[in-house]
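# Breakdown of the fold
This is what each chain is made of:
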Amino acid sequence: MLLVSLVLVSLGGCTYEQEGPPDLHFEKFAAKPPKLDTVTVCHAYGCKEQTKFAFTQADIAEISALMARVPRNDSPAEERRAIAYAIAWMERRVAPSVGTTSDRPSMDLGGSGDSTQQDCVDEATNTTSYLLVLDRHGLIKHHAVERPFAKDSLTHWTHWAAVIRETDNGERFAIDSSAGANGENPTVQAAASFYVPDSYADRTPPETGLATADAEAPRQSADALGGFLQRMQALGYADEPTGSAR
């Protein structure tokens, strides 16, 4: 019955809200949250491989200077733009040590298990780690780092993204690093409009970055429902009350 229910829900857009602190996301994917300025970088799809990387004091100083150079008026919107530049810089800094310099945009069948590639689970997890490092150093003032979420529909594979919440009004924003190649600025977009809009009214375009990685996913065949469910089972979510992963 659970599988049938998930199929029926997937006929429309689904948002898998994840309550609680970001640490619960790391636990869900058997990943490790940052310890001070040391992050554990996920790669090979679904956090199959994890490699530690420590940002130095010089790195933090460079990130701080970069964020200060982005034209800003101390508004939440300008902070989100500065965050996008910082996340891209951190990806480029980490990549040579982890081996993900050649990470391709989006996802493909050849990437699973390839240590040089990252899917949206890897990217959402890593972006959340980078956001927590920025927050630890007081570089995020207008937002709180939240637990990543996922969205899908019958014609869109489940897609994960990091999430920040504007502290003044509570609006949530998705940060998606998987749309572009390694080190490109991530997409920043209102969570309600991201990937699969929550409603017809939610059509706010991205504030910065490329289009969402899987936004133009091909329409699925007559076997779509079966493949959709198999994918959920393979990722360990079909037996849970919520969600899927990719």
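Refer to the structure printed above.
Quick summary incoming for the structure in this document.

What counts and what doesn't
- Residues numbered from 1 in each chain as written.
- Predicted model: local features only at pLDDT ≥ 70, side-chain atom pairs only at ≥ 80, totals over all residues.
- Heavy atoms only, no water.
- Phe/Tyr/Trp six-rings, centres within 6.5 Å; stacked < 30°, edge-to-face > 60°.
- Helix = DSSP H or I, 4+ residues; strand = E, 2+ residues; numbered from the N terminus.
- Buried < 20%, exposed > 50% of the residue type's maximum accessible area, 1.4 Å probe, protein only.
- Expected span 1.5 Å × (residues − 1).
- Contact = heavy atoms within 4.5 Å.
- Axes fitted to C-alpha atoms, helices over the stretch in contact; angles between N-to-C directions.
- Parallel < 35°, antiparallel > 145°, perpendicular 65-115°, else oblique.
- Left-handed = near helix turned anticlockwise from the far one by under 90°.
- Nonpolar A, V, L, I, M, F, W, Y, C, P; charged D, E, K, R; others polar.

Further remarks concern the packing of aromatic side chains. For the structure shown, the criterion picks out 4 aromatic pairs. Here Phe29 and Trp160 contribute two aromatic rings whose centre-to-centre distance is 5.3 Å and whose plane-to-plane angle is 85 degrees, an arrangement assigned as edge-to-face. One end of the pair, Phe29, is in the loop between helix 2 (23-28) and strand 2 (38-43); the other, Trp160, is in strand 5 (residues 156-166), with 131 residues separating them in the sequence. Using a relative accessible area of 1% as the deciding quantity, one classes Trp160 as buried. On the basis of an interplanar angle of 85 degrees and a centroid distance of 6.1 Å, the ring pair of Phe55 and Tyr130 is categorised as edge-to-face. Residue Phe55 is located in the loop between strand 3 (49-54) and helix 3 (57-69), and its partner Tyr130 is located in helix 5 (residues 120-136); the two are separated by 75 residues in the primary sequence.

Attention shifts here to helix 3. Across its 13 residues, helix 3 extends 18 Å between first and last C-alpha, which sits within 8% of the 18 Å expected from 1.5 Å per residue. Turning to helix 3, the residues buried within the fold contact strand 3, helix 4 (76-98) and helix 5.

Taking 1.5 Å of rise per residue, 23 residues should cover 33 Å, and helix 4 covers 32 Å from first to last C-alpha, within 8% of that figure. In the segment just after helix 4, Gly99 is the residue with positive phi, at about 95 degrees.

Turning to the packing of helix 4 against helix 5, a few remarks are in order. Running from N to C, helix 4 and helix 5 cross one another at 110 degrees; their axes reach a closest spacing of 10 Å. Accordingly, the angle class assigned to the pair helix 4 and helix 5 is roughly perpendicular. Where helix 4 crosses over helix 5, the handedness of that crossing is right-handed. Residues Ile83, Ala86, Ile87, Met90, Glu91 and Val94 of helix 4 pack against Glu123, Thr127, Tyr130, Leu131, Val133 and Leu134 of helix 5. For the contact of helix 4 with helix 5, a count of residues per class yields 9 nonpolar, 1 polar and 2 charged.

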